[in-house]
Amino acid sequence: MDPALLREREAFKRRAMATPTVEKKAKTESSFTAPKDMKKPRPASAAPKIDATNYKTMTGSSQYRFGVLAKIVKHMRTRHQEGDDHPLTLDEILDETNQLDIGSSVKAWLQGEALRNNPKIELTPDGRYLFKSVFKIKDGKSLMRLLKQHDLKGLGGVLLDDVQESLPHCDKVLKNRASEIIFITRPNDKKKILFYNDRTANFQVDEDFQKLWRAVTVDAMDDAKIDEYLEKQGIRSMQDHGPKKPLLPKRKKLANKKRQFKKPRDNEHLADVLETYEDNTLTQSNAVQEIKQNN
């Protein structure tokens, strides 16, 4: 090897050893894991969680308001059916229904609008509330009086549901008055109707007449066919019964009169002048004819 190259190599080593250098180590990527107790941030659009301790005192929706009202109406009906007919204040009603923790806005709505306009709640003059039933009946005597009035006036029967809502201890009263009431089940909706059992109208019907009555079917016949059948059998007693059709008044025919054309009245103020002119014209024409005849 060339001795000059060796000398340059040794000089380079010495310079390298004399120059201080810092060794840079490669960075190793370490995976950072969040601690378990850290909570993830909630998205801004998430709805706030409702606390179970204060959800009743919130200014709630209409569904909550009407739920409170429905509970009050149901409680007032129940206490009326049990015989409690004394009126209550709003605070007493809320106390009995365990709803004293409602908000002030809901309470104001109940007192100012909901209970005042409810068809099942009656407001007394002193500001108390009662259940408003369909009929004002309190016992068996008032029930029989109601059924007798309906029978005399021809109003028909009374719904059992309305009686159960209006009459306290209804089942007990109906059981004691069973012989004075007739129960009929309505075929279209299977609801029971109560009628007064008028025993003075009871009479014995001959069995032969009962057989004939049950044998005749008029379901498929209208009123016109029934009237035609009765007329063929010589029965005319049913003509004056049933709804009568109103007779429309007949219109009178106007007599055909000849039209008279009226003369125009434009020159009425010249009537005298026209007559004089006509007379002069006739006189002159007659004179001219006489002259011609003479000639």
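The structure presented is a predicted model; accordingly, all values stated were derived computationally and were not measured.

Engineer: Sorry, what's going on with the sheet that holds strand β5 (residues 192-196) here?
Structural biologist: Consider a sheet: its strands pair through backbone hydrogen bonds, and that pairing is either parallel or antiparallel. The strand order across the open sheet built from 3 strands is β3-β5-β4, with neighbouring strands paired in antiparallel fashion. The open sheet has two edge strands, β3 (158-159) and β4 (181-185), and neither has a second partner. The pairing of β4 with β5 spans 5 bridges and is classified as antiparallel. Considered in β5, the bridge of F183 is made with L194. Helix α5 (residues 140-152) rests against β3, β4 and β5 of the sheet, and its axis sits at about 85 degrees to β5.

Engineer: Looking at this model, I keep getting lost on the pairing of β5. Mind explaining?
Structural biologist: In summary, the side chains of a regular strand alternate between the two faces of the sheet. Here β3 runs beside β5; their pairing, made up of 2 bridges, is antiparallel. Considered in β5, the bridge of V158 is made with L194. Count of turn residues in the β4/β5 antiparallel hairpin: 6 residues, of which K190 carries a positive phi of about 65 degrees.

Engineer: Even after reading the chapter, I still don't get the pattern of salt bridges, so can you show me in this structure?
Structural biologist: Side chains bearing opposite charge may pair, as long as their charged atoms lie close to each other. Taken as a whole, this structure holds 10 salt bridges when the rule is applied. Between E92 and R128 there is a salt bridge whose closest N-O contact spans 3.7 Å. Highlighted residues: E92 in helix α3 (residues 90-96) and R128 in the loop between β1 (121-123) and β2 (129-131), separated in sequence by 36 residues. Between E180 and R177 there is a salt bridge; the shortest N-O distance is 3.4 Å. Residue classification places E180 among the partly exposed positions, given a relative accessible area of 28%. Via salt bridges that share partners, R77, K120 and E165 belong to a single interconnected network.

Engineer: Help me understand a nonpolar patch on the surface in this model?
Structural biologist: Taken together, the side chains of F203, V205, F209 and W213 make up a nonpolar region of the molecular surface, amounting to roughly 500 Å² of accessible area. Mapped onto the fold, F203 is located in the loop between β5 and α8 (207-215).

Engineer: It is not clear to me how a negative patch on the surface should be interpreted in this structure. Could you clarify?
Structural biologist: A cluster of acidic side chains, namely E82, D84, D85, D95 and E96, defines a negative patch on the protein surface. Counting through the fold element by element, D84 comes out in the loop between α2 (62-81) and α3. Under the relative-accessibility criterion, D84 is labelled partly exposed at 33%.

Engineer: What's the story with the nonpolar core in this structure? I'm lost.
Structural biologist: One recurring pattern in soluble globular proteins is that nonpolar side chains are buried together. Counting 18 residues, the largest nonpolar core has L69, I72, M76, L110, L115 and Y129 as its most contacted members. Counting only elements with at least two residues in this core, the list comes to α2, α3, α4 (104-117) and β2. Not counting chain neighbours up to four residues away, the residues in contact with L110 comprise V68, L69, I72, L90, L94, I102, L115 and R116. L146, L147, V173 and L194 belong to the second-largest nonpolar core, a separate cluster that totals 15 residues.

Engineer: How should the packing of aromatic side chains be read in this particular structure?
Structural biologist: Given two aromatic rings, one states the distance between the centres and the angle between the planes to describe the pair. Under the definition given, this model contains 2 aromatic pairs. Measuring from ring centre to ring centre gives 5.3 Å for F66 and W109, while their planes differ by 80 degrees; the resulting arrangement is edge-to-face. Of this pair, F66 sits in helix α2 while W109 sits in helix α4, placing them 43 residues apart in sequence. Residue classification places W109 among the buried positions, given a relative accessible area of 12%.

Engineer: It is not clear to me how the confidence of the model for the chain should be interpreted in this structure. Could you clarify?
Structural biologist: For residues with low pLDDT, the predicted coordinates do not support detailed interpretation. Mean pLDDT over the chain works out to 76, with 66% of the residues at or above the 70 mark. Residue range residues 43-59 is modelled with pLDDT below 50. Its contacts to residues more than four positions away, or to other chains, number 9 contacts.

Engineer: Sorry if this is basic, but what is going on with the packing of α2 against α4 here?
Structural biologist: Their axes nearest at 11 Å, the elements α2 and α4 cross at an angle of 60 degrees. Classified by the angle between their axes, α2 and α4 sit oblique to one another. Crossing angle aside, the handedness with which α2 passes α4 is right-handed. The residues of α4 that touch α2, namely those facing Y64, R65, F66, V68, L69 and I72, are S105, V106, W109, L110, A114 and L115. Of the residues in the contact of α2 with α4, the class split is 10 nonpolar, 1 polar and 1 charged.

Engineer: Help me understand the environment of D126, please; the structure alone is not making it clear to me.
Structural biologist: Following the sequence through the fold, D126 ends up in the loop between β1 and β2. It is 9.6 Å that separates the C-alpha atoms of D126 and P87, two residues lying 39 residues apart in sequence. For D126, the side chain forms a polar contact with the side chain of T124, separated by 2.4 Å. Within the local environment of D126, its side chain forms a polar contact with the side chain of R128, the two groups lying 3.5 Å apart.

Engineer: Teacher, can you tell me more about α5 here?
Structural biologist: Think of an α-helix as 3.6 residues a turn; residues three or four steps apart then line up on the same face. Here α5 is 13 residues long and its end C-alpha atoms lie 18 Å apart, about the 18 Å a rise of 1.5 Å per residue gives. Burial in α5 covers these residues: G140, S142, L143, M144, L146, L147 and H150. Check the buried side of α5 and you find it contacts β3, α6 (160-166), α7 (170-176), β4 and β5. At the C-terminal side of α5, G154 shows a positive phi close to 70 degrees.

What counts, and at which threshold
- Residues numbered from 1 in each chain as written.
- Predicted model: local features only at pLDDT ≥ 70, side-chain atom pairs only at ≥ 80, totals over all residues.
- Heavy atoms only, no water.
- Pairing = 2+ DSSP bridges.
- Helix = DSSP H or I, 4+ residues; strand = E, 2+ residues; numbered from the N terminus.
- Contact = heavy atoms within 4.5 Å.
- Axes fitted to C-alpha atoms, helices over the stretch in contact; angles between N-to-C directions.
- Salt bridge = Lys/Arg side-chain N within 4 Å of Asp/Glu carboxyl O.
- Buried < 20%, exposed > 50% of the residue type's maximum accessible area, 1.4 Å probe, protein only.
- Patch = residues over 30% accessible without salt bridge, like charges linked within 9 Å, V, L, I, M, F, W, Y side chains within 5 Å.
- Areas by Shrake-Rupley, 256 points an atom, 1.4 Å probe, with all protein chains shown as cover.
- Lys, Arg positive; Asp, Glu negative; His and termini not counted.
- Charge placed at Lys NZ, Arg CZ, Asp CG, Glu CD.
- Core = buried A, V, L, I, M, F, W, Y, C linked by side-chain atoms within 4.5 Å.
- Phe/Tyr/Trp six-rings, centres within 6.5 Å; stacked < 30°, edge-to-face > 60°.
- pLDDT = per-residue confidence, 0-100.
- Parallel < 35°, antiparallel > 145°, perpendicular 65-115°, else oblique.
- Left-handed = near helix turned anticlockwise from the far one by under 90°.
- Nonpolar A, V, L, I, M, F, W, Y, C, P; charged D, E, K, R; others polar.
- Polar contact = N/O pair within 3.5 Å; in protein donor to acceptor, adjacent residues only side chain to side chain.
- Expected span 1.5 Å × (residues − 1).

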